[in-house]
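Residue-level listing of the chains:
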Amino acid sequence: MSVLDSIIEGVREDLAARRKPLAQLQEAMDQAAPVRDPLATLRSSEMSVIAEVKRSSPSKGVLASIADPAGLAEQYEGAGASVISVLTEQRRFGGSLDDLDAVRSRVSIPILRKDFMVDEYQFFEARAHGADVVLLIVAALSQSQLNDFHQLAEGLGMRALVEVHTNDELERALEISPKIVGVNSRNLKTLDVDAQAFAELIPRIPSDVVRVAESGISTRIDVEFAQSNGANAILVGEALVRAGDLSLAMRELLGLGRIEQ
């Protein structure tokens, strides 16, 4: 069993334990904050940042305790992030829907629910908890699921970040006419990272699609490499949650240097 398969197995088990009647979710969706479309903000600067609230990962273990996810998200917003990504998978990433609720209550920019979306219930759940964007991992879905889930997300007013790692996955992604495509340099089946995925795949994504570089981005050189291959945005978690000075870390990633006193 691959790492991805193992994660999805746990996601399905946890989902079964918390599943409620859709009527209850509908009530919560009716009361949820209006959707904030991320497309304009992701295109509003030379390089946009999707900053991640991320406690741990299968590859690195514990990254940060993050006792106050909403406070961290506020710092991200203040530092210039365009979107906040909130991990809600519990077993491997230490996240929760409570984190999503907390972040939504404190920031005004779009929020991505970062999870392994394998059941339509999760999309209603995401909107009920205030998500504006959801993640669709092509490697985790059949083509019919990918298409149906993309339509469901859009039907609920959300956008989908469609994530790929290989040429075949990119071809499948482009079949559904996505608005946002993320190239993950990490192979979710083995957890190996290869930044050449950016060079191989990002240039093949149409220019009218927001192109996001994901994973393995911790230095200005990493950002420049992604940008040189056509990335409009970067998704960064570990480098920010481990930073002593978050604002400075963001500025250094974007090549803005230190703030003059």
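Our structure's up above, just so we're on the same page.
Summary of the structure given here. Note that the structure is predicted; figures quoted are calculated from it, not measured.

**Quick notes on empty space enclosed by the protein**
Counted under the stated rule, the structure contains one cavity of 30 Å³ or more. In this model, the largest cavity occupies a volume close to 50 Å³. Every residue lining the largest cavity is listed: Leu 42, Ile 50, Val 83, Leu 112, Val 133, Leu 161 and Ile 180. Taken together, the residues of the lining of the largest cavity break down into seven nonpolar, no polar and no charged.

**Some remarks on helix α8 (residues 167–174)**
Where α8 is concerned, the buried positions are Glu 169, Leu 170, Arg 172 and Ala 173. Viewed end-on, α8 has its buried residues packed into an arc of 160°, placing them on one side of the element.

**Regarding the pairing of strand β8 (residues 180–184)**
Across the five residues of β8, five count as buried, placing the element largely inside the fold. Across the two faces of β8 the burial is the same, with Ile 180, Gly 182 and Asn 184 and Val 181 and Val 183 all buried. You can see the chain leave strand β7 (residues 159–164), run along α8 and come back into β8, and the turn it takes is right-handed. In the sheet, β8 pairs with strand β9 (residues 210–214) via five bridges, with the strands oriented parallel. Within β9, the position partnered with Val 181 by the bridge is Arg 211. The β-α-β motif built from β8, the intervening helix α9 (residues 196–201) and the parallel element β9 has right-handed crossover chirality.

Parameters and conventions
- Residues numbered from 1 in each chain as written.
- Predicted model: local features only at pLDDT ≥ 70, side-chain atom pairs only at ≥ 80, totals over all residues.
- Heavy atoms only, no water.
- 1 Å grid on protein atoms, 1.4 Å probe; cavity = no way out; pocket = protein on both sides within 12 Å on 5 of 7 lines; lining within 4 Å.
- Points joined across faces, edges and corners; volume = space filled by probe spheres on them.
- Nonpolar A, V, L, I, M, F, W, Y, C, P; charged D, E, K, R; others polar.
- Buried < 20%, exposed > 50% of the residue type's maximum accessible area, 1.4 Å probe, protein only.
- Helix = DSSP H or I, 4+ residues; strand = E, 2+ residues; numbered from the N terminus.
- Arc of directions from axis to C-beta.
- Right-handed = clockwise from strand over helix to strand, strands pointing away.
- Pairing = 2+ DSSP bridges.

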